[in-house]
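Next come the chains, spelled out residue by residue.
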Amino acid sequence: MKTLLLSSLLLVSLFFTLSSCTKNDAVTPAPKTFVLVHGAWQAPYAWQSVKDQLVQQGQNVVVVELPGHGSDNTSPATLSMDIYRDKVVTAINALSGNVILVGHSMGGMVVSAVAEKIPSRIDKLVYVGAFLPANGQSLLALASTDSTSQLGPALIPSADQLTLGIKTENLAPIFIQDGSDVVKKQVVDNYRAEPFIPFTNPVALTAANFGKVTKYYVYTAQDHAVGPNLQKRMVAAAGIKNTYTLNSSHCPFLSMPTETTTLLQTIAKETPAQ
């Protein structure tokens, strides 16, 4: 009798142990895959701290290097917004499952074009201080309406009109005035003149494709490159209801990477407003 009772207790204990493990496994979220796209005058280095934190927190992360940026030496004469788009599409198609696609600044134009091309692969589309076009708009057209940006007066076109430069002393005040000396130096050290042609390329967007992708916008409240008023006008025109604000410069992933990471994690878990 004692043996039978002991066996029964062991079975009950084993049942509850297995049940507990099953419940714990059920509530452990599967990793998300983030695809991060940098902006103009920058490169993948800008997202590195956020990437490292997301990976440490169990997420999958791919940072795309746009042609003509970072270590890529594609001639600016051959570049276009479509080429940028296709580089990101290729990166996403190499992954399994859907992705959270994040674009910063000029990268907002790129991710919009990507969402138009492969909407079914985008779980959420996130703009961080980014240009957000309507159908047929170019970055140049949007930027020309930004009366508060410090960027326009600081631009230096190349003699062949293929690139736009910025004086070294203007880089930190425009892009990362709230950053540490270390990250300000990082921005300066990694600076390259920006290919100009993609700025002029309009992006074609449709309600059937781009319109059905769930979108979020992260306002950068102290932005000297893409003015907060322009950010608000673009969001209103696009009808985006899911918005957050970081009290940062144009580059929160450099000046406040932990806050940026936390916000991306929040967005990844959130059920979007309808």
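Everything here concerns the structure above.
Residues numbered from 1 in each chain as written. Predicted model: local features only at pLDDT ≥ 70, side-chain atom pairs only at ≥ 80, totals over all residues. Heavy atoms only, no water.

Novice: Any details on the overall build of the protein? Residues and values, ideally.
Specialist: Along the backbone of the protein there are 12 helices and 9 strands. Long-range contacts, defined as pairs at least 24 residues apart, comprise 75% of the intrachain contacts of the protein with a sequence gap of at least 6. In the form shown here, the protein has an accessible surface area of approximately 12,900 Å², with 57% of it arising from carbon and sulfur atoms. (Helix = DSSP H or I, 4+ residues; strand = E, 2+ residues; numbered from the N terminus. Contact = heavy atoms within 4.5 Å. Areas by Shrake-Rupley, 256 points an atom, 1.4 Å probe, with all protein chains shown as cover.)

Novice: Provide a residue-level description of the environment of Phe 34, including the pertinent values.
Specialist: Position of Phe 34 relative to the elements: it lies in strand S1 (residues 33-37). Judged by relative accessible area, which is 0%, Phe 34 ranks as buried. Spatially, the C-alpha atoms of Phe 34 and Asn 60 are 6.2 Å apart, while their sequence positions differ by 26 residues. (Buried < 20%, exposed > 50% of the residue type's maximum accessible area, 1.4 Å probe, protein only.)

Novice: So what's going on with the environment of Ile 240? Residues and values would help.
Specialist: With respect to the helices and strands, Ile 240 occurs in the loop between helix H10 (228-238) and strand S9 (242-246). Setting aside residues up to four positions removed in sequence, Ile 240 forms contacts with Leu 132, Lys 215, Tyr 216, Tyr 217 and Val 235.

Novice: I'd like to hear about helix H3 (residues 81-93), residue by residue, with values.
Specialist: In this model, H3 (13 residues) spans 18 Å end to end at C-alpha, consistent with the 18 Å of a helix rising 1.5 Å per residue. Restricting attention to buried positions, one finds in H3 the residues Met 81, Tyr 84, Arg 85, Val 88, Val 89, Ala 91 and Ile 92. Seen along its axis, H3 keeps its buried residues to an arc of 160 degrees; they face one direction. (Expected span 1.5 Å × (residues − 1). Arc of directions from axis to C-beta.)

Novice: Pulling in residues and values, what's your account of the packing of helix H2 (residues 48-56) against helix H12 (residues 257-269)?
Specialist: For the pair H2 and H12, the least separation of the axes is 9 Å and the interaxial angle reads 50 degrees. The orientation of H2 with respect to H12, classified from their angle, is oblique. The handedness of the crossing between H2 and H12 comes out as right-handed. Side by side, H2 and H12 meet where Ser 49, Val 50, Gln 53 and Leu 54 of the first sit next to Pro 257, Thr 258, Thr 260, Thr 261, Leu 264 and Gln 265 of the second. Of the residues in the contact of H2 with H12, the class split is 4 nonpolar, 6 polar and no charged. (Axes fitted to C-alpha atoms, helices over the stretch in contact; angles between N-to-C directions. Parallel < 35°, antiparallel > 145°, perpendicular 65-115°, else oblique. Left-handed = near helix turned anticlockwise from the far one by under 90°. Nonpolar A, V, L, I, M, F, W, Y, C, P; charged D, E, K, R; others polar.)

Novice: Give me the lowdown on the packing of aromatic side chains, citing residues and values where you can.
Specialist: Throughout the structure, instances matching the rule amount to 6 aromatic pairs. Ring centres of Trp 41 and Phe 175 lie 6.1 Å apart, and the angle between their planes is 50 degrees; this geometry places the pair in the tilted category. With a gap of 134 residues between them, Trp 41 in the loop between S1 and H2 and Phe 175 in helix H7 (residues 168-175) connect regions that are remote in the sequence. Summarising the burial analysis for this pair, Trp 41 and Phe 175 share the class buried. Arranged with centres 4.6 Å apart and planes meeting at 35 degrees, the rings of Trp 47 and Phe 253 form a pair that is tilted. Here Trp 47 is found in the loop between S1 and H2, whereas its partner Phe 253 is found in helix H11 (residues 252-255), with 206 residues between them in sequence. Ring pairing ties together the aromatic residues Trp 41, Phe 175, Phe 196 and Phe 199, which thus form one cluster. Positioned above the aromatic ring of Phe 210 is the side chain of Lys 215, whose terminal nitrogen or guanidinium carbon lies 4.3 Å from the ring centre. (Phe/Tyr/Trp six-rings, centres within 6.5 Å; stacked < 30°, edge-to-face > 60°. Lys NZ or Arg CZ within 6 Å of the ring centre and 35° of its normal.)

Novice: Please provide a residue-by-residue account of the pattern of salt bridges, values included.
Specialist: All chains considered together, the criterion is met by 3 salt bridges. A salt bridge links Asp 82 to Arg 85; the shortest N-O distance between them is 3.4 Å. One end of the pair, Asp 82, and the other, Arg 85, are both in helix H3, 3 residues apart, so they sit about a helical turn from each other. On the basis of relative accessibility, which here comes to 16%, the residue Arg 85 falls in the buried class. When the shortest N-O distance is used, the salt bridge between Asp 189 and Lys 185 registers 2.6 Å. Here Asp 189 and its partner Lys 185 are both found in helix H8 (residues 181-189), 4 residues apart, which amounts to about one turn of the helix. Lys 185 sits in the exposed class, given a relative accessible area of 52%. (Salt bridge = Lys/Arg side-chain N within 4 Å of Asp/Glu carboxyl O.)

Novice: Give a description of the nonpolar core that names residues and reports values.
Specialist: Counting 79 residues, the largest nonpolar core has Val 88 and Leu 101 as the members making the most contacts within it. Setting aside residues up to four positions removed in sequence, Val 88 forms contacts with Val 35, Val 37, Val 64, Leu 66, Leu 101, Val 110 and Val 114. (Core = buried A, V, L, I, M, F, W, Y, C linked by side-chain atoms within 4.5 Å.)

Novice: With reference to specific residues and values, describe the sheet that holds strand S8 (residues 215-220).
Specialist: Strand order across the open sheet formed by 6 strands is S2-S1-S3-S4-S8-S9, with parallel pairing between neighbours. The open sheet is flanked by strand S2 (60-64) and S9, the only strands paired with a single partner. Within this sheet the neighbouring strands show an average axis-to-axis angle of 20 degrees, counted without direction. Contacting S1, strand S3 (99-104) and strand S4 (122-128), helix H4 (residues 107-117) runs over the sheet at an angle of about 145 degrees to S3. (Pairing = 2+ DSSP bridges.)

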